[in-house]
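Residue-level listing of the chains:
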Amino acid sequence: MPPTLASLVHHSALKLTVRAGEDGLDVPVRWAHVSELADPVPYMEGGELLLITALKLDAADPEAMRRYVKRLAGAGVVGLGFAVGVNYDDIPEALVEAARQEGLPLLEVPRRTPFLAISKAVSAAIAADQYRAVTAGFAAQRELTRKALTDGPEGLLAALAAQVDGWTALYDASGAVVAAAPEWAGRRAARLTADVERLRERPAPASSVVGGAGTAEHPEGSDRVELHSLGTSRRPRSALAVGTAAALGTAERYAVHSAIALLTLTTERSRSLREAEQRIDVAVLRMLLAGEPDHARTVAGDLYGGLLDAPFRMVVAESASVSAARTHAGPQAPVPATRTRSSAAALAAADTGGDPLGALAEVVESAAARSGESVLVVPEGERLVVLATDGGAAVAACVEYASALEAVRPEPMTGGDEEGLVVGLSAPSGPIAASTAYKQAEQALSVARRRGRVCVEHEHLAAGSVLPLLADDAVRAFADGLLRALRDHDATGRGDLVASLRAWLSRHGQWDAAAADLGVHRHTLRYRMRRVEEILGRSLDDPDVRMELWLALKATSTD
């Protein structure tokens, strides 16, 4: 620990005597400073032992000494050393009494002890303390490194908690607690999620100090907590919390910095490793979509655990702006183009506040990591493709995230919503049918795009109606063109062919029932249907014609 007034008093070579303020001798001394100014306060930083001979002071004046000592104590000066035998043979009683009233330690410095000796003693003690701190820091670094290599992040957190005599916790990208030490610290750490989320909004590296006020239910909330972002990207992918009863010392600070470096290494893998894993991800997905699940398993090895052996769901996502641009484009190729990791790394490094695909990938990967699931996430140009276990946490997190986005969006999504998200989710599938799952996800994505939804699951499409799919400008234009001649005929007052056609089709061609609905004779209805065939140049005996006419009527039913 740093030098104190007590350690200086017990220094055998200095021969210092305590004349006042005996209760304040355990205060650390930051430096020893000599000043004969009548008011040295403007040059003080706090924590100094001030050494004087009272060359310019009237040390015998009680009122002057009260003002002088009061200002020193208010400036944070921890002690006053008075040299006797220079200007005064003894310390004047006025100064002793003033120091006693303020509780400021007053040390008598004998004539044979130069101020330089006191300064050297303080300097040497500070240097020794710093050396001990550095040595302890290196020892802590070795211990933390050993724990990180043998026991992973959990072992490192436990070792760090012991080093700082407090508790530690690790948060993932979503702000959820991944690990904590000791075990009880998980409850304390969970209450800091909002603080971690605010920290993640700041560019890395970032840190903050949270001082809690303890309560009867949570007395541990009175600790001092430091939050540190982890990672090298602009947006932190995880965070470290360190809770202690007091501010960290130098040795503890070294230990925390070492832990930050080690945790960063464990959470941020090397660029070459990320590039290799990304190439494997793309290759495995290409093989699955090409109908080669056995080759995909061979290439993947144990990288994805049992993901390729259990039922999974395929997710295809686009940003809303890209999705709107593709509304009238042709079908997309189902096999992703080979990409370098650099664009994927740029995606991960970007601020996900303006990158909806990056935010979705972060949510899915965090949920999978917390539940111990394997997940395959492949950025595919302007898309994101995800392969996740059916019924698992990653799929649930994806759906929950999409639902949350939809809940806060006041209106259906438009093409100008550049930060919006459109997601299509396939039905449960297996490796042998991966290409089918991809097509299902694309179909669900297309429906979500046309309906202005954030997420559509393929399983829900069959449970609904096909009619909402007709709410498209191209479909309505086709319907208007198909029925225009009939409506032009009706506009002249020569019959009601459109209403008659609707009634006849709704009754599946049953003449009597349709005529009764219209309130006309069945022969009149037969005549009208012949006029429909003549005007359109199509036969109503053709089921395709009847289907097209019915859909055209439904597509324009709101006109």
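All figures in this text were calculated on a predicted structure; none of them were measured in a lab.

A. Here's a closer look at the nonpolar core. In this structure, Val 284, Leu 308, Met 314, Leu 376 and Leu 387 are the most contacted members of the largest nonpolar core, which totals 28 residues. For this core, the secondary structure elements donating two or more residues are helix H8 (271–289), helix H9 (293–300), strand S11 (312–319), strand S12 (375–380), strand S13 (383–389) and helix H14 (434–451). A per-element tally of this core places H14 first, with 8 residues. Excluding anything up to four places from it in sequence, Met 314 contacts Leu 285, Leu 289, Val 385, Val 386, Leu 387, Gly 424, Leu 425, Ser 426, Ala 434, Ala 437, Tyr 438 and Ala 441. In terms of nonpolar packing, the next biggest core, distinct from the first, is built from 25 residues, Ala 59, Val 69, Ala 98 and Leu 104 among them.

B. Spotlight on the packing of helix H18 (residues 511–518) against helix H19 (residues 522–536). Where H18 meets H19, the axes come as close as 9 Å, and the angle between the chain directions of the two elements is 100 degrees. Of the possible angle classes, the one that applies to H18 and H19 is roughly perpendicular. Two secondary-structure elements touch here, H18 through Trp 511, Asp 512, Ala 514, Ala 515 and Leu 518 and H19 through Arg 522, Leu 525, Arg 526, Arg 528 and Met 529. Broken down by class, the residue content of the contact of H18 with H19 amounts to 6 nonpolar, no polar and 4 charged.

C. Focus on the sheet that holds strand S8 (residues 207–211). With antiparallel pairing, 5 strands are arranged side by side in an open sheet as S7-S6-S10-S9-S8. Of all strands in the sheet, those bounded by a partner on one side alone are strand S7 (177–181) and S8. With direction set aside, neighbouring strand axes in the sheet form an average angle of 15 degrees. Helix H4 (residues 115–164) rests against strand S6 (167–171), S7 and strand S10 (238–244) of the sheet, and its axis sits at about 150 degrees to S6. This element, helix H6 (residues 193–200), spans S6, S8, strand S9 (224–230) and S10 of the sheet and lies at about 40 degrees to S9.

About the cut-offs
- Residues numbered from 1 in each chain as written.
- Predicted model: local features only at pLDDT ≥ 70, side-chain atom pairs only at ≥ 80, totals over all residues.
- Heavy atoms only, no water.
- Core = buried A, V, L, I, M, F, W, Y, C linked by side-chain atoms within 4.5 Å.
- Buried < 20%, exposed > 50% of the residue type's maximum accessible area, 1.4 Å probe, protein only.
- Helix = DSSP H or I, 4+ residues; strand = E, 2+ residues; numbered from the N terminus.
- Contact = heavy atoms within 4.5 Å.
- Axes fitted to C-alpha atoms, helices over the stretch in contact; angles between N-to-C directions.
- Parallel < 35°, antiparallel > 145°, perpendicular 65-115°, else oblique.
- Nonpolar A, V, L, I, M, F, W, Y, C, P; charged D, E, K, R; others polar.
- Pairing = 2+ DSSP bridges.

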